[in-house]
Amino acid sequence: MSSNDVLGRSAGGDLRLVGLTKRYGSFTAVDDLSLTVPQGSFFALLGASGCGKTTTLRMVSGLEDPTIGQIFLGEEEVTDRKPYQRPVNTVFQNYALFPHLDIFENVAFGLRRRGIKDVKKQVTDMLDLVELGHVAKRKPGQLSGGQQQRIALARALINQPQVLLLDEPLGALDLKLRRQMQIELKRIQTEVGLTFVHVTHDQEEAMTMADTIAVMNAGRIEQMGSPAELYENPQTTFVANFLGQSNLIQGTVEGVTGDVVTISAHGSKLTADARRCKVRSGAVILGVRPEKAQLATDASGIPAGSNVLSGTVVDTSFIGVSTQYLVRLAGGEEFSVFEQNTGRAIQRPGTEVSVYWDPSQGFGLDGGQDIDAGAELDEEAAA
């Protein structure tokens, strides 16, 4: 079944936010936000509680009025339209299904409200899309959380929105079901071809589903790009810490030769690829993801040209697919290493080791930033 079969028409136009700002008294929740969500894409607004992502979503839906700024759908400005006048629907975390109506009537509700009498084919097609045609006569209370979420999605999609807004839609589900629903949501979005804008604090959720992620911090976009781009090339310490984990090392640029930046840190000379280093002189923060680094107890096995730091293993966690090490470096800083379990001996706490990584796998950031920015928020979001 094609998306046009299910939705009856194709959606039109990008979603554009221009200078969008929302103030509550002296507090600025969203600060001069401008972005374009391409038609038919899966876009995520990712950030910790209070960063402005839900306020942004509510302004797009019409539930909040911007203090200043404009909202466009295609060429039409919808900034001042009432929520029911916008071709936008929202799926909330709490599903908001009608407990007294069966599933068929829950999905049909929007069509009946618009005076459409013959709803059977559209409702049946929509239930088939979310693979729940067999529960049409049940009440919401008889369904699991994941099934209720899919019904809420079907009820929103049947109204033929140009944009579907998802407000922490999987937050009430347990971890296993949440992961299943991530795959399911992406399948449905791909099949129907609509623009999905997804608000979440869950990094894994955003990276699993979204084509583009905007990382928000204090009402502004910290960085925007594909999941791979944000993860591999964070532009700020906030993004490096909030999106996954990073080892961040304070150092000083000693010089640049061709494509190689030489950095002094922890009494060692380290190097970085100049194309992945934002700094050419002065203070720098050198970053490397834990899975890009490895441990060695014998320096003879370390590839030539690697960045190497000495330390002692202080904690070892075996988690099946990998072993996660915490190493205390000579200067007292902690360094995380995630090694895939390939049969190598596990290093126990107290073992003296060398931590090493390929310089092309690191990244260099402006040394004037807070090295811990975003780290506590990441822990809060993961809790």
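These numbers come from a predicted model, not from an experiment.

### Here's the deal with the overall build of the protein chain
Point 1. Regarding its fold elements, the protein chain presents ten helices and 20 strands.
Point 2. Its C-alpha atoms give the protein chain principal-axis dimensions of about 75 × 45 × 35 Å.
Point 3. Within the protein chain, the fraction of its 383 residues that count as buried is 50%.
Point 4. For the protein chain, contacts bridging at least 24 residues in sequence account for 67% of all contacts bridging at least 6.

### Quick notes on the side chain of T195
Point 1. Checked against the element boundaries, T195 lands in strand β8 (residues 195-200).
Point 2. Taking relative accessible area as the criterion, T195 reaches 1% and is therefore assigned buried.

### Some points on unusual backbone geometry
Point 1. One non-glycine residue, D32, adopts positive backbone phi at about 55°.
Point 2. Its location among the elements puts D32 in strand β2 (residues 27-37).
Point 3. Of note, A218 is a non-glycine position whose phi angle comes to about 55°, a positive value.
Point 4. Owing to a relative accessible area of 58%, A218 belongs among the exposed residues under this scheme.

### So, empty space enclosed by the protein
Point 1. Under the criterion given, the structure shown has two cavities of 30 Å³ or more.
Point 2. By volume, the largest cavity amounts to about 50 Å³.
Point 3. Contributing to the lining of the largest cavity are L15, L17, L35, V37, F43, L45, T56, L57, V60 and V197.
Point 4. Where the lining of the largest cavity is concerned, the elements lending two or more residues are β1 (15-24), β2, β3 (42-46) and α2 (53-61).
Point 5. The dominant element in the lining of the largest cavity, judged by the number of residues it contributes, is α2, at three residues.
Point 6. Reported here for the second largest cavity is a volume of approximately 30 Å³.
Point 7. Every residue along the wall of the second largest cavity is listed here: L57, R58, S61, L63, T90, F92, L165 and D167.
Point 8. At the level of secondary structure, the elements contributing two or more residues to the lining of the second largest cavity comprise α2 and β7 (163-167).
Point 9. Broken down by element, the lining of the second largest cavity gets its largest block of residues, three residues, from α2.
Point 10. Taken together, the residues that form the lining of the second largest cavity break down as four nonpolar, two polar and two charged.

### Points about the confidence of the model for the protein chain
Point 1. Residues at a pLDDT of 70 or more form 95% of the protein chain, whose mean pLDDT is 91.
Point 2. When the criterion is pLDDT under 50, residues 1-11 qualifies, and its contacts beyond four places in sequence or with other chains add up to 25 contacts.

### A few points about the sheet that holds β3
Strand pairing within a sheet occurs via backbone hydrogen bonds; the two strands may be parallel or antiparallel.
Point 1. With mixed pairing, the six strands of this open sheet are ordered in space as β6-β7-β8-β3-β9-β10. Edge positions in the sheet fall to β6 (88-91) and β10 (220-225), since each of these pairs with one other strand and no more. Direction aside, the axes of adjacent strands within the sheet are offset by 20° on average.
Point 2. When β6 meets β7, the two strands line up parallel, connected through four bridges. Across the sheet, N89 pairs through a bridge with L164, a residue of β7.
Point 3. Against the sheet, helix α5 (residues 145-157) engages β6, β7 and β8, with an angle of about 170° to β6.

Criteria and cut-off values
- Residues numbered from 1 in each chain as written.
- Predicted model: local features only at pLDDT ≥ 70, side-chain atom pairs only at ≥ 80, totals over all residues.
- Heavy atoms only, no water.
- Helix = DSSP H or I, 4+ residues; strand = E, 2+ residues; numbered from the N terminus.
- Buried < 20%, exposed > 50% of the residue type's maximum accessible area, 1.4 Å probe, protein only.
- Contact = heavy atoms within 4.5 Å.
- 1 Å grid on protein atoms, 1.4 Å probe; cavity = no way out; pocket = protein on both sides within 12 Å on 5 of 7 lines; lining within 4 Å.
- Points joined across faces, edges and corners; volume = space filled by probe spheres on them.
- Nonpolar A, V, L, I, M, F, W, Y, C, P; charged D, E, K, R; others polar.
- pLDDT = per-residue confidence, 0-100.
- Pairing = 2+ DSSP bridges.
- Axes fitted to C-alpha atoms, helices over the stretch in contact; angles between N-to-C directions.

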